[in-house]
Amino acid sequence: MAICVLLAAGPAAGGDAAAINLDGSFPDWRGIGTAAVDPAGDGRAGGPDLGRLYLANDSEALYLRLEVGSETILQNPLLSPAGNRLRLLLDLDRSATSGRPVEGLGVELEIRFGEREITIYDAGGVGREVPPEPADVLALPTHSAANFEIRVPFAAAGSIDLAERLAAGGELALVLLEEAIGGDRLPDAGAVVYRVEPAAIGPPRPIPLGKKKAAFVRLLVFNVERTAIAQKQAVYRRILQALEPDVVAFQEVYDWTPAQTRLFVETALPLDGGRWEAFGVADTVTVSSLPILAGAAVDENHVVHLDLPDGRTKRDLVLFNAHTPCCGNEEGRDAEHDHLMATWRDLLESAGPFPVGSKDAVVLAGDFNMVGFRRQLDVLRHGRFIDPANGPDFRPGRGKGSLRSASLRHSHARRVTTWRRATSAFMPGKLDWILFSNDVAKLRKSYVLDTAELPAKLLEDLGLERGDSLVASDHLALVADFKIKR
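Below or above, wherever it landed, is the structure these notes cover. The structure presented is a predicted model; accordingly, all values stated were derived computationally and were not measured. (Residues numbered from 1 in each chain as written. Predicted model: local features only at pLDDT ≥ 70, side-chain atom pairs only at ≥ 80, totals over all residues. Heavy atoms only, no water.)

**Some thoughts on the sheet that holds strand β5 (residues 61-72)**
Thinking step 1. In space, the five strands of this open sheet follow the order β3-β4-β5-β13-β12, with antiparallel pairing throughout. Two strands bound the open sheet, and with one partner strand each, they are β3 (34-37) and β12 (138-140). The mean angle between the axes of side-by-side strands here comes to 20°, regardless of whether they run parallel or antiparallel.
Thinking step 2. Bridge analysis of β12 against strand β13 (residues 145-153) gives three bridges, and the strand direction is antiparallel. Across the sheet, A139 pairs through a bridge with I150, a residue of β13. (Pairing = 2+ DSSP bridges. Helix = DSSP H or I, 4+ residues; strand = E, 2+ residues; numbered from the N terminus. Axes fitted to C-alpha atoms, helices over the stretch in contact; angles between N-to-C directions.)

And the structure:
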């Protein structure tokens, strides 16, 4: 199982075939041997300090688990403490005479993470850049971290013959380094050589799309990409009818009022003897088959109090619907995440914008644009405020302490990406989250829907078309089913 650090010309040790879920967490790496260990403290001051590297593969891709020593935003050269110019060099045919000659390798594929560039080199070393989404190159988490997992499909090499050879069990060599004065290199000399293990690993067990019990509360979270829902109504109608949510948290509804959004949902999913209700602030709109007892703005986000039927539970549901600032607006995202949690603390302490029960369930859902610092996720999960002016820290999950995060694996694939854009230099990422109080709200199912991954028979049964997710939005639909304790 162990993999050696060797000169590129040396023999390779055996690889680990494994079913890796691309989710930015690492339980599925247990039992996979360390491929290389780089000494600590040998990088430039404040820059990435490469540590342990783990490698695995399935029949389609190489997987890397990489320690970078300190908090780093992998796809941003500016926002990490000292920036990063990390790059991955892959010699996929173990020949120094084909591909781009660099670092003793013949490189067929180069990934510059900080610069967000992927280059394929032909046998003569001539390169062409490719976007990460069509190449299906992934790196998670999208927010800052000290540990990452990376997926590089064999097909990303641009050669069908090479991809087939690797999948059947070929050798490759790689080097990781930071292209900066004094930047770290893994390994310090030579290359890490890996023998791909022919993998008889099937697809993941599909997550059934339907709700198991009628009493569960199904939440659909969907960023509709600048009110694409208004221009592509047939697509959204099919998705709503296939998923049958009880509550929908929309973001980026710019051209419709909450009343117009409610009418569309009601037309797509008429209630037997009931009526959908809606509440909205800025571009966030919640449409609910459950009565909305109250609602309030939290910056340009909002919170609603939903009345659960007494026959199901004596508790109600507090739902935060968020679309926090995008991209490099770290200060704005810091402030809004703090304000969301300060509002939940105040609601628990009977000091919020409306009264709630002390044991009501809480769910925070939406597009949190988690492409910046992890602290913005930590305040949501753990109640640790970024700005002390927002008051004392608290336990947002009450007796459970922190809020839980829905896993949100794709229903038919081993990944948790919620956003992608074919023309973007950014890799597909997890920008959207569903967080909940596990003491009251028991998660029974969660998944991300990407119709491109569904079997033809399932598409037909549900009345969906393969391209629906791609046509609908650059974000994917998130689904979570909750059982609320009695």
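**Topic: the sheet that holds strand β28 (residues 477-484)**
Thinking step 1. Pairing within the open sheet is mixed, and its six strands lie in the order β19-β20-β18-β17-β28-β27. Of all strands in the sheet, those with a lone pairing partner are β19 (277-281) and β27 (441-449), marking the two edges. Direction aside, the axes of adjacent strands within the sheet are offset by 15° on average.

**Here we look at the packing of helix α4 (residues 233-243) against helix α5 (residues 258-268)**
Thinking step 1. Look at α4 against α5: their axes get within 9 Å of each other, and the N-to-C directions meet at 60°. Between α4 and α5, the crossing angle belongs to the class labelled oblique. Here α4 runs over α5; the crossing is right-handed. Along the contact surface, α4 presents Q233, Y236, R237, L240 and Q241, while α5 presents F264, V265 and A268. (Parallel < 35°, antiparallel > 145°, perpendicular 65-115°, else oblique. Left-handed = near helix turned anticlockwise from the far one by under 90°. Contact = heavy atoms within 4.5 Å.)

**Topic: the pairing of β5**
Thinking step 1. In terms of residue burial, β5 counts as a mostly covered element, since nine of its twelve residues are buried.
Thinking step 2. Taking the residues between adjacent antiparallel strands as the criterion, strand β4 (residues 52-57) and β5 are bridged by three residues.
Thinking step 3. Sheet analysis places β5 next to β13, joined by eight bridges and oriented antiparallel. Bridge pairing in β13 places L62 opposite V152. (Buried < 20%, exposed > 50% of the residue type's maximum accessible area, 1.4 Å probe, protein only.)

**Some thoughts on the state of the cysteines**
Thinking step 1. Counted according to the given criterion, the structure contains one disulfide.
Thinking step 2. The disulfide that involves C326 links it to C327, with 2.2 Å between the sulfurs. Of note, the bridge from C326 to C327 carries an S-S torsion of about 55° and is right-handed in sense.
Thinking step 3. Under the relative-accessibility criterion, C326 is labelled partly exposed at 38%. (Disulfide = S-S within 2.5 Å.)

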